[in-house]
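Spelled out from the first residue to the last, the chains are:
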Amino acid sequence: QVQVVESGGGLVQTGDSLRLSCAASTRTFGNYAMAWFRQGPGKEREFVAAISSTGSRTRYSDPVKGRFTISRDNAKNTAYLQMNRLEPEDSGVYSCVAGPFTRTMAADYDYWGQGTQVTVSP
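Now for a look at the structure at hand. (Residues numbered from 1 in each chain as written. Predicted model: local features only at pLDDT ≥ 70, side-chain atom pairs only at ≥ 80, totals over all residues. Heavy atoms only, no water.)

What about the overall build of the protein chain?
So, step 1. Helix and strand counts for the protein chain stand at zero helices and 10 strands.
So, step 2. Ordering the α and β elements of the protein chain from the N terminus gives β-β-β-β-β-β-β-β-β-β.
So, step 3. Relative to the compact-globule value of 14 Å for 122 residues, the protein chain shows a C-alpha radius of gyration of 13 Å, a close match.
So, step 4. Projected onto the principal axes, the alpha-carbon positions of the protein chain cover approximately 40 × 25 × 25 Å.
So, step 5. By residue count, 43% of the 122 residues in the protein chain fall in the buried class.
So, step 6. Charged side chains of the protein chain number 13 positive and 11 negative; the gap between the two group centres comes to 8 Å. (Helix = DSSP H or I, 4+ residues; strand = E, 2+ residues; numbered from the N terminus. Rg over C-alpha atoms; globule rule 2.2 N^0.38 Å. Buried < 20%, exposed > 50% of the residue type's maximum accessible area, 1.4 Å probe, protein only. Lys, Arg positive; Asp, Glu negative; His and termini not counted. Charge placed at Lys NZ, Arg CZ, Asp CG, Glu CD.)

Side note on the state of the cysteines
So, step 1. In the structure shown here, the tally under the stated rule is one disulfide.
So, step 2. A disulfide bridge connects Cys22 with Cys96, and the sulfur atoms are separated by 1.9 Å. Measuring handedness by torsion sign, the sulfur bridge of Cys22 and Cys96 sits at about 70 degrees and is right-handed. Of this pair, Cys22 sits in strand β3 (residues 18–25) while Cys96 is found in strand β9 (residues 92–99), placing the two residues 74 residues apart along the sequence. The pair formed by Cys22 and Cys96 is uniform in burial state, with each residue classed as buried. (Disulfide = S-S within 2.5 Å.)

As for the pattern of salt bridges
So, step 1. Taken as a whole and judged by the stated rule, the model has five salt bridges.
So, step 2. With a shortest N-O distance of 2.9 Å, Asp90 and Arg38 are connected by a salt bridge. In this pair, Asp90 is assigned in the loop between β8 (78–83) and β9 and Arg38 in strand β4 (residues 33–39), connecting sequence segments 52 residues apart. In this pair, the class of Asp90 matches that of Arg38, namely buried.
So, step 3. The salt bridge involving Asp62 is made with Lys65; its shortest N-O contact spans 3.1 Å.
So, step 4. Judged by its relative accessible area of 61%, Asp62 is exposed.
So, step 5. Note on Lys65: relative accessible area 48%, which makes it partly exposed.
So, step 6. Through salt bridges with shared partners, a single ionic network connects Arg38, Glu46, Arg67 and Asp90. (Salt bridge = Lys/Arg side-chain N within 4 Å of Asp/Glu carboxyl O.)

Some words on the sheet that holds strand β6 (residues 58–60)
So, step 1. Pairing is mixed in the open sheet, where six strands are placed in the order β2-β10-β9-β4-β5-β6. Among the strands making up the open sheet, the edge pair consists of β2 (10–13) and β6. Mean inter-strand twist for the sheet, computed between neighbouring axes without regard to direction, equals 25 degrees.
So, step 2. Relative to strand β5 (residues 46–51), β4 runs antiparallel, the two being bridged by five bridges. Note that in β5 the partner of Trp36 across the bridge is Ala49. (Pairing = 2+ DSSP bridges. Axes fitted to C-alpha atoms, helices over the stretch in contact; angles between N-to-C directions.)

Here you go:
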């Protein structure tokens, strides 16, 4: 299990941008793919984006394609999610996890941290 701490969330307006960070506590951070999930009020946790261990491959859910960018800095043991042109539908708690690049279902993961809250007002 890789320990992670998410940060960077906040209250913004429609069209604004936020950059989320996911700091991992592991010496083998470069061996794991990283993924971001989100959960809005009254909704199930859903996949947002994933990046392979080396950063060579990325994957995005349809609602965020073209607006969000996932990246990582293995030297800093940190993954990022740059969110542009935010919409109210993007609101929710954003969480990051470490695992296989192909795992894009919330049920694939057993543990979730507190995440970071993103709220987008109209």
